[in-house]
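# Descriptive analysis of the structure
Chain residues, written in single-letter form:
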Amino acid sequence: MNPPFEAPEFEHLSYQVEDRVAIVTLRRPQALNALNQDVLVELANVTEVIAQDPEVRVAIFTGEGRAFVAGADIGEIAALEDVFAAREFAILGQSVFNEIAALPLPTIAAINGYALGGGLELALACDLRVASTKARLGLPEVGLGIIPGFGGTQRLPRLLGRGRALDLIFTGRHLSAEEALSLGLVNRVGEDALETAKELAAAILKNGPIALALAKEAVGRGENLDLQEALEIEADLFGLACATQDMREGTRAFLEKRTPQFKGE
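Residues numbered from 1 in each chain as written. Predicted model: local features only at pLDDT ≥ 70, side-chain atom pairs only at ≥ 80, totals over all residues. Heavy atoms only, no water.

## Focus: the sheet that holds strand 7 (residues 128–132)
Hydrogen bonds between backbone atoms are what pair the strands of a sheet, whose relative direction is either parallel or antiparallel. One open sheet accounts for six strands, arranged 1-2-3-5-7-10; its pairing is mixed. Of all strands in the sheet, those bounded by a partner on one side alone are strand 1 (13–18) and strand 10 (188–190). If you compare each strand with its neighbour and ignore which way they point, the axes differ by 20° on average. When strand 2 (residues 21–26) meets strand 3 (residues 58–63), the two strands line up parallel, connected through six bridges. Paired with Val21 across the bridge in strand 3 is Val58. (Pairing = 2+ DSSP bridges. Helix = DSSP H or I, 4+ residues; strand = E, 2+ residues; numbered from the N terminus. Axes fitted to C-alpha atoms, helices over the stretch in contact; angles between N-to-C directions.)

## Topic: the packing of helix 1 (residues 37–52) against helix 3 (residues 83–101)
It is at 9 Å that the axes of helix 1 and helix 3 come closest, and there the two elements cross at 25°. Regarding the angle of helix 1 to helix 3, the classification is roughly parallel. Both helix 1 and helix 3 take part in a crossing whose hand is left-handed. Along the contact surface, helix 1 presents Gln37, Leu40, Leu43, Ala44 and Thr47, while helix 3 presents Phe89, Leu92, Gly93, Val96, Phe97, Glu99 and Ile100. (Parallel < 35°, antiparallel > 145°, perpendicular 65-115°, else oblique. Left-handed = near helix turned anticlockwise from the far one by under 90°. Contact = heavy atoms within 4.5 Å.)

## A short note on the layout of surface pockets
For the largest pocket, the calculated volume is near 730 Å³. When contributions to the lining of the largest pocket are tallied by element, the ones reaching two or more residues are helix 4 (118–125), strand 7, helix 5 (152–160) and helix 9 (209–222). A per-element tally of the lining of the largest pocket places helix 9 first, with five residues. Residues of the lining of the largest pocket, tallied by class, amount to 13 nonpolar, three polar and six charged. Summarising the domain contributions, the lining of the largest pocket has at least three residues from each of domain 1 (11–203) and domain 2 (207–254). Size it by volume and the second largest pocket reaches roughly 500 Å³. In terms of lining, the second largest pocket is formed by 27 residues, of which the most central are Ile77, Glu141, Ile146, Ile147 and Gly149. Contributing elements (two or more residues each) for the lining of the second largest pocket: helix 2 (74–78), helix 3, helix 4 and helix 5. When residues in the lining of the second largest pocket are grouped by element, the largest group, five residues, is from helix 3. (1 Å grid on protein atoms, 1.4 Å probe; cavity = no way out; pocket = protein on both sides within 12 Å on 5 of 7 lines; lining within 4 Å. Points joined across faces, edges and corners; volume = space filled by probe spheres on them. Nonpolar A, V, L, I, M, F, W, Y, C, P; charged D, E, K, R; others polar. Domains from an automatic or database assignment.)

## Some points on the domain arrangement of the protein chain
With domains assigned, the protein chain is organised as domain 1 (11–203) and domain 2 (207–254). At the interface, 11 residues of domain 1 touch six residues of domain 2. Between domain 1 and domain 2, the buried area comes to about 520 Å², and carbon and sulfur atoms account for 51% of it. The interface formed by domain 1 and domain 2 contains one salt bridge. Its salt-bridge partner being Lys216, residue Asp127 comes within 2.9 Å of it at the nearest N-O pair. Classifying every residue of the side of domain 1 that touches domain 2 by side-chain character gives seven nonpolar, one polar and three charged. (Buried area = accessible area lost by both parts, 1.4 Å probe. Salt bridge = Lys/Arg side-chain N within 4 Å of Asp/Glu carboxyl O.)

Encoded structure:
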């Protein structure tokens, strides 16, 4: 028998697992959970923990206090000495968010307040976004004389289209939760972002974990290919799904009119 999984402790965030859902909470409320290098490193470390935790099937990222993440730490950006240091800071943020995006399980951003700049870029690295009715979202970097550097110029156009993305990037304006929902920037809006995210996670958890991972892989690998190449990837992954015990359990449960008991096998 394997020993129980023990997650390390973090200084700027908390990690807990509830009913197979990992909840990562950024905890710098005095700085509106702004992302500095230390926080980015901890996010990279907690992402590795999520990937290794055998109990986790869905991950939720959120923030403590009145912000999800208000952006990158402006003081740290202002102190960057040259183009090379700034580039390395951007690459650090991009690499961390790439690791979150690459997790082989569904991820949800529970946006409880401000999600600006790097905060919105963190949310964009998640598969799904849930916002509270009080949330405010945007990429205001051009107002500081810089541009989004943690993936915003690339992920936002892929999600919303070029025109809508450039509108938000050029103006730097803040969106309400309802406008973000109408644009497709967020998937759901609720009074309490975390509770709404947990409800979404519960709906996801009813399904086969291998199927969820393969579905995410199919979308991710195919979205930038031509249709025929993408369909071939889908067919390959469909074949892999059909070779699992979960498929046998799922189809048997359907035919027997009962709830499937997936084991991730």
